Structures are given as C-alpha cells and as structure tokens.
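Observations on the three-dimensional arrangement
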Amino acid sequence: MTYTVNTLRNMTRSCEQMRDRVKAIVFKPEDRKVLDLTFGPGMAADLVGRTPEALAKAEKEGRLAPPKQLGNGRRFYTLEDLTKIREALGIHAGKAPDEDAVIIAIQNFKGGVGKSTITKHFADFLALHGYSVLVIDCDPQASTTTMFDIQPESLLDDEQTLGNFLSPRSTFDEFPLAIRDTAWPTIKIVPSSLGLQDAEWDLTATLREGGQAVREGLQRLRIGISSVIKNFDVILLDPPPAMGFLGLNVMAAATGLLVPVPARQLDYLSTIHFMETITENIEVLEANGTPVDYGFIRIVCSAFSPSKPGENDMWKMMQATYANFLLSKPILASEEIKNATQAFRSVYESKPSASHATYQRCRENLDDVFGEVLQQVREQWPSQSISGRKSDAVASVAA
Ligand SMILES: Nc1ncnc2c1ncn2[C@@H]1O[C@H](COP(=O)(O)OP(=O)(O)OP(=O)(O)O)[C@@H](O)[C@H]1O
Ligand SMILES: [Mg+2]
C-alpha cells in the first residue's frame, strides 16, 4: 500500500471515530425545534380565507371555539387553531383527493441563487395557508434538511434514506419510509443525507450498462414520488447546483419549474446557459423514454436589491427577456431572510430581527411572490382551476 493511501485510510478511521463521538454528544432528540406561532384575528382570518368579522360571528354562534386570550385581553390563534377553524367551517384549500400533487423543482444549476431559501419559505407559506407539503431535499449539501431541523449526520446509519432509495445498488425500495415528520404538522420531508452523493455516482454508473438501466436510473425519483402523489398538495424538490443524475431525476419528476435568478449580470448570463442545458437535458430524458411536460415554468428574481447599482437595469432586462414567465414581483434581498436562514429558520418561523415594519415588509413581499406561484399550482388542479387549463398556454416570452 502506498504512503498516500495508507495516510488517507488512517485519516478516515480517525474521522469516523470522532464523528461517532460527536454524534453521541450533539444530536439529542429533545433539542428539536418547537414551533411557537401565534396569529392575531386579522392574520388568522386572512390565512383561512375569511374576514375577521366572519370568524367572530362563527365564534359567537358557537360554530367555532372562542379564541385564546393573552393577559392583556388580546385574542390569538395557534397553528392548530387554524386547522380546527378550517375543519369546522369546511374550508379546504388543497386539491381534490383523486388529484395529483403538483411537483415543483426549484431549479438552477448556479449555486447560491436562493433555491434552498425559497424551498423552505415556500413550504412554510403553503403550510400556513392550509396546504400539505412534502419537501424532498435532493442536494447532498442538505441545507434545506437542516432548516427543517434534521441533522443529516443523524441519518448516518439509517437504511431508509433518499440516497439508498435512488441508488440502483441498494435494496431499499419503499420510498414512503424515507419520509420524516417536521415541526410543522402539515410539512413532511425526505431529508438529504451524506449517502446522496454515493447515489449520484451509482446512478452515473448505469451509463455503462445503457438502455433500460439508464431509463430506470433517470426515473427513480419519479417512481418513488408516484407512490405518495395523492397524499400531498404540493411536493417541492430542492436540487443540487449541478447537473448530474440527481438533477436529471429532479427534472424528470417535476411537473412545474420555478427558476430563481438574482438580478446580477453573472447570474443572468449563467441562466442563459441553464436554459440551454435544461432544454438539452429534457431531450436526453425524452431520448431515454422519460417524457417531460411541465404545467408551468416561472422565473423568480431572487434577492433583489433595488438600491444596488445595476440591479434595476438587470430587473428591466429580465422583464424584457422573460415577459409573462417572470413573476411580477422580485423577492427582495432582506436582512430578515439572511438572519432567519442563518438560524436555520424561515422568516415565517421567526420574530422580527430589526423593526416590526421591516419584518412585515419582508413577509408581505414573500406572500406576494408565493401567492403568484400558488396561483399556478391551483391552475394544475381541475377542481380548483378558474380557467380549467392544465398546461401553461398563456405565458409568452418577448420576441
Ligand atoms: N432574499 C434574500 N435576502 C437575503 N439573503 C438571501 C435571500 N435569498 C437567499 N439569501 C441568502 O443567500 C445565501 C444562498 O441562498 P441558498 O442557500 O438558498 O442558495 P442555493 O441556491 O440553495 O445555494 P446552493 O446552490 O449552494 O444550494 C444564503 O445565505 C441565504 O441566506
Ligand atoms: Mg441549496
């Protein structure tokens, strides 16, 4: 054995021992995130889609339990109360039971454009509005997993992981067993674990076998999701910032595409490359017996700073380029988002980090942007669609 191999093996052994010691000390199940969300009457009414007066009337008539009260007499509702209100008033936000979940890939091959931040915030937004969500973290970096309070290291010895499900070498083939609870009652997650990178390599190895093996390798995630597609309203896929078999699995499984693009020149230019690559990859998928047909494709300008030189011009260029495919409002760059994600939370789970007004502005901006995506989602369900259309026929790009 060479000096190099010997040294690396010794280092690996030493790392493994340290990892086991850290795991025993750090990951205590009792440390899990507890959601402590409360809503005033105005916001509670807004989230269930009624007026505060309608809620007050239903409470007066005994159709709803009276709300909880603080010491100062202010009324408030919890997340569980919102669920009870929806049940009592027969409010159903999501799809019909026989319809399929809308599967959205938050996709761009460029790193650091806000994919995981958007995935986490959109999931929380949907849950607040009464939708059930499955988040699938397909990125070995596992930032979304961590934001849902699961430490990827805690899954080290776990057989029931996405990596094992996707790897053609593994015998674990019961996708639902990889789904875990989160602190949110209506958000589940398939977390990323360190084995996901191995799955990427195992899937790439199918290229040597060709034909059927490649097709199965491209469709593994789609097949897994099909076993739970009726159980959720929306399924969000957070892919890695590179195109490989994991990225292709995400593209093959998705039924809608949301592409975050910051208003920076380099990101804009890399998006041209992304568009080319994604088109070529769809051709690769189709050539391998995996047809793809997205119900909608939307670009979202992420982390927009109107005061930064050049960003306004880039925003105008994006409007001219993508026309109706661009969401009408950008996600603003915000310290609230930065601070929340650094604490592995979303803004929806956090208290204001600076002034209440700044926090409120950030939240309203996110609500506006996600409201527009939600509109697209609802269009995919015949039971909810206003126009009855299922595919994205009306959007068009500038000529
Ligand atoms: N609107 C925003 N305002 C402020 N900071 C933001 C905003 N969106 C994202 N960020 C910050 O930008 C950084 C990168 O975001 P994120 O991790 O979501 O990108 P990503 O595309 O998932 O990256 P990767 O490709 O590495 O997975 C994070 O530190 C995040 O907090
Ligand atoms: Mg990410």
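Next up on the list: the overall build of the protein. In terms of regular secondary structure, the protein is built from 14 helices and 10 strands. By the compact-globule yardstick of 21 Å for 399 residues, the protein fits well, its C-alpha radius of gyration being 22 Å. Projected onto its principal axes, the C-alpha positions of the protein cover 80 × 60 × 50 Å. A separation of at least 24 residues holds for 76% of the contacts in the protein among residues at least 6 apart in sequence.

With that settled, the discussion passes to a negative patch on the surface. Residues E276, E280, E283, E286 and D293 make up a contiguous surface patch of negative charge. Within the secondary structure, E286 sits in helix α11 (residues 265-287).

Moving on, we get to the packing of aromatic side chains. Going through the model one piece at a time under the given rule, you end up with eight aromatic pairs. Relative to F175, the ring of F165 has its centre 5.2 Å away and its plane inclined at 65°; by these criteria the two rings are edge-to-face. Highlighted residues: F165 in helix α7 (residues 162-166) and F175 in the loop between α7 and β6 (180-181), separated in sequence by 10 residues. Accessibility assignment for this pair places F165 and F175 in one class, buried. Each residue in the set F122, F125, Y348 and F370 is aromatic and connected to the rest through ring pairs, giving one cluster. Sitting over the face of the ring of F148, K120 holds its NZ or CZ atom 3.9 Å from the ring centroid.

All right, on to the side chain of S192 then. Within the fold, S192 resides in the loop between β7 (187-190) and α8 (196-209). For S192, a relative accessible area of 0% translates into the label buried. Reaching out from S192, the side chain makes a polar contact with the backbone oxygen of D139 at a distance of 2.8 Å. Once residues lying within four places of it in the same chain are set aside, the contact partners of S192 are D137, D139, P140, A142, T145, P152 and L155.

Partitioning the protein into structural domains gives domain 1 (38-89) and domain 2 (102-382). Taking only C-alpha atoms into account, the centre of domain 1 sits 33 Å from that of domain 2. Each partner contributes to the interface: domain 1 provides seven residues, whereas domain 2 provides six residues. With both chains or domains summed, domain 1 and domain 2 bury close to 560 Å², and 65% of this area falls on carbon and sulfur atoms. Run the count over domain 1 and domain 2 and you get zero salt bridges. Among the secondary structure elements, those contributing two or more residues to the side of domain 1 that touches domain 2 are α2 (41-48) and α4 (79-89).

Relative to the helices and strands, Q151 resides in the loop between α6 (143-147) and α7. The sequence separation of Q151 and P291 amounts to 140 residues, and the corresponding C-alpha distance is 35 Å.

A few words on the pattern of salt bridges. One pass over the full model with this rule turns up 13 salt bridges. With a closest N to O distance of 3.0 Å, K110 and D267 form a salt bridge. A residue pair is termed long-range when its members are at least 10 positions apart, and K110 in the loop between β4 (102-106) and α5 (115-128) and D267 in helix α11 qualify at 157 residues. Of the residues examined, K110 reaches a relative accessible area of 28% and is grouped as partly exposed. Residue D202 is joined to R169 by a salt bridge in which the shortest nitrogen-to-oxygen separation is 3.3 Å. Here R169 lies in the loop between α7 and β6 and D202 lies in helix α8, a separation of 33 residues in the sequence. The structure contains a network of salt bridges with shared partners spanning K57, E61 and R63.

Taken together, 17 residues lie near ligand 1, and K115, S116, T117, S334 and T341 sit nearest. Q141 is positioned with one of its side-chain polar atoms (N or O) 3.3 Å from an oxygen atom of ligand 1. Within the complex, the protein chains bury 77% of what would otherwise be the 630 Å² of accessible surface of ligand 1. Per-element accounting of the shell around ligand 1 gives the leading share, three residues, to α5.

With that settled, consider the packing of α8 against helix α10 (residues 245-253). Running from N to C, α8 and α10 point in directions that differ by 85°, and their axes come no closer than 8 Å. Taken together, α8 and α10 sit at an angle that is classed as roughly perpendicular. Each of L196, E200, L203, T204, T206 and L207 in α8 lies in contact with α10, whose residues at this interface are F245, L246 and N249. Among the residues making up the contact of α8 with α10, the classes are represented as five nonpolar, three polar and one charged.

What counts, and at which threshold
- By convention here, each chain's residues receive numbers from 1 onward along its written sequence.
- Note on labels: chains are lettered from A, ligands numbered from 1, in written order.
- Totals for whole chains, interfaces and linings use every residue, but because this is a predicted model, local features are given only for residues with pLDDT of at least 70 and side-chain atom pairs only at 80 or more, for both listing and counting.
- By convention in this description, side-chain values take in all heavy atoms of the structure and omit both hydrogens and water.
- The secondary structure listing takes helices from DSSP runs of H or I that are at least 4 residues long and strands from runs of E that are at least 2 residues long, numbered from the N terminus.
- As a reference, a globule follows 2.2 Å times the number of residues to the power 0.38, and the radius of gyration itself is taken over C-alpha atoms.
- Here a residue-residue contact requires only that any non-hydrogen atoms of the pair lie within 4.5 Å.
- Each patch is built from salt-bridge-free residues with over 30% relative accessible area, joining like charges within 9 Å and nonpolar side chains (Val, Leu, Ile, Met, Phe, Trp, Tyr) within 5 Å.
- We get accessible surface area from the Shrake-Rupley algorithm with a probe of 1.4 Å; when it comes to residues, only the shown protein chains can shield them.
- When a carboxyl oxygen of Asp or Glu lies within 4 Å of a side-chain nitrogen of Lys or Arg, that pair is called a salt bridge.
- When charges are counted, Lys and Arg contribute as positive and Asp and Glu as negative, whereas His and the chain ends are disregarded.
- A single reference atom marks each charge: NZ on Lys, CZ on Arg, CG on Asp, CD on Glu.
- In this analysis, rings of Phe, Tyr and Trp, with Trp reduced to its six-membered ring, are considered paired at centre separations within 6.5 Å, and the interplanar angle assigns stacked below 30 degrees, edge-to-face beyond 60, and tilted for intermediate values.
- Accessibility here uses a 1.4 Å probe with only protein chains present; expressed as a share of the type maximum, an area under 20% marks a residue as buried, one over 50% as exposed, and anything in between as partly exposed.
- When the NZ atom of lysine or the CZ atom of arginine is within 6 Å of a ring's centre and also within 35 degrees of its normal, the charge is said to sit over that ring.
- Residues adjacent in sequence count toward polar contacts only when both atoms are side-chain atoms; beyond that, a polar contact is any pair of N or O atoms within 3.5 Å, and within protein one must be able to donate a hydrogen and the other to accept it.
- Note that domain bounds follow an automatic or database assignment of domains.
- Two parts placed together each lose some accessible area; with a 1.4 Å probe, that loss summed over both constitutes the buried area.
- Only heavy atoms are used to decide nearness, and a residue is near a molecule or strand if one of them lies within 4 Å of it.
- Where helices are involved, their axes are fitted lines through C-alpha atoms of the stretch in contact, as for all axes, and angles between N-to-C directions lie from 0 to 180°.
- In these notes the angle categories are as follows: under 35 degrees is roughly parallel, over 145 is roughly antiparallel, 65 to 115 is roughly perpendicular, and the rest is oblique.
- Residue polarity is assigned by list, with Asp, Glu, Lys and Arg as charged and Ala, Val, Leu, Ile, Met, Phe, Trp, Tyr, Cys and Pro as nonpolar; anything else, Gly included, falls into the polar class.

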